[in-house]
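Chain residues, written in single-letter form:
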Amino acid sequence: MTVTEIALTTLDGRPMSLADYGDRAVLVVNVASKCGLTPQYSALEKLARNYAERGLTVLGVPCNQFMGQEPGTAEEIQNFCSTTYGVTFPLLAKTEVNGPGRHPLYAELTKTPDAGGQAGDVQWNFEKFLIAPGGTVVNRFRPRTVPDAPEVIAAIEAVLPN
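Residues numbered from 1 in each chain as written. Predicted model: local features only at pLDDT ≥ 70, side-chain atom pairs only at ≥ 80, totals over all residues. Heavy atoms only, no water.

The protein chain has the name Glutathione peroxidase in an unreviewed UniProt entry, where Mycobacterium fragae is given as its organism. On record in UniProt, under Sequence similarities (unreviewed entry), the comment for the protein chain is "Belongs to the glutathione peroxidase family." (UniProt positions renumbered as here; feature names shortened; annotations may be inferred.)

Shown next as structure tokens:
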């Protein structure tokens, strides 16, 4: 199975698939509203806006598995993201990224090693996975690597279709 074949659900309950973004690069990030890394939303939104025309989609995946830092309802999450950080990129339904309830998307994503060669569980909120057009997972960036870090920008630019 490739990541483009996995059924997903948007924050507002609609079905979707990464196949919908097949000709675009996608940066998938597990997000949380009450985390010390939550200000990364600003840089993620800036990436989404700056690179949209060149073929990048940022996809936020709310997750409450790390010290309960995403406790809100779908409506609360959407409201927080839009009013606090002006988020316009798509958000998925709250998702488990680790453990026995791990979503199939993360079962695939977590096979990808980071720069140090480590694959496996997501470490914390705001771990980032870059998917090239066509659905190949090409990079993994750990939570403390900010979205606008030079290595993230370089990786994104290397796979942009436009």
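We now examine unusual backbone geometry. Most peptide bonds are trans, and most residues other than glycine sit at a negative phi. With phi around 55°, methionine 67 is a residue other than glycine that occupies positive phi space. Following the sequence through the fold, methionine 67 ends up in the loop between strand 4 (56-62) and helix 2 (74-85). For phenylalanine 126, which is not glycine, the phi torsion reads 75° and is therefore positive. Note that phenylalanine 126 resides in the loop between helix 3 (104-109) and strand 5 (128-131). (Helix = DSSP H or I, 4+ residues; strand = E, 2+ residues; numbered from the N terminus.)

Another point: the side chain of serine 33. Tracing the backbone through its elements, the reader meets serine 33 in the loop between strand 3 (25-31) and helix 1 (40-51). At 3.0 Å, the side chain of serine 33 and the side chain of glutamate 70 are in polar contact. Apart from the residues lying within four places of it in its own chain, the contact partners of serine 33 are Thr38, Gln69, Glu70 and Phe80. (Polar contact = N/O pair within 3.5 Å; in protein donor to acceptor, adjacent residues only side chain to side chain. Contact = heavy atoms within 4.5 Å.)

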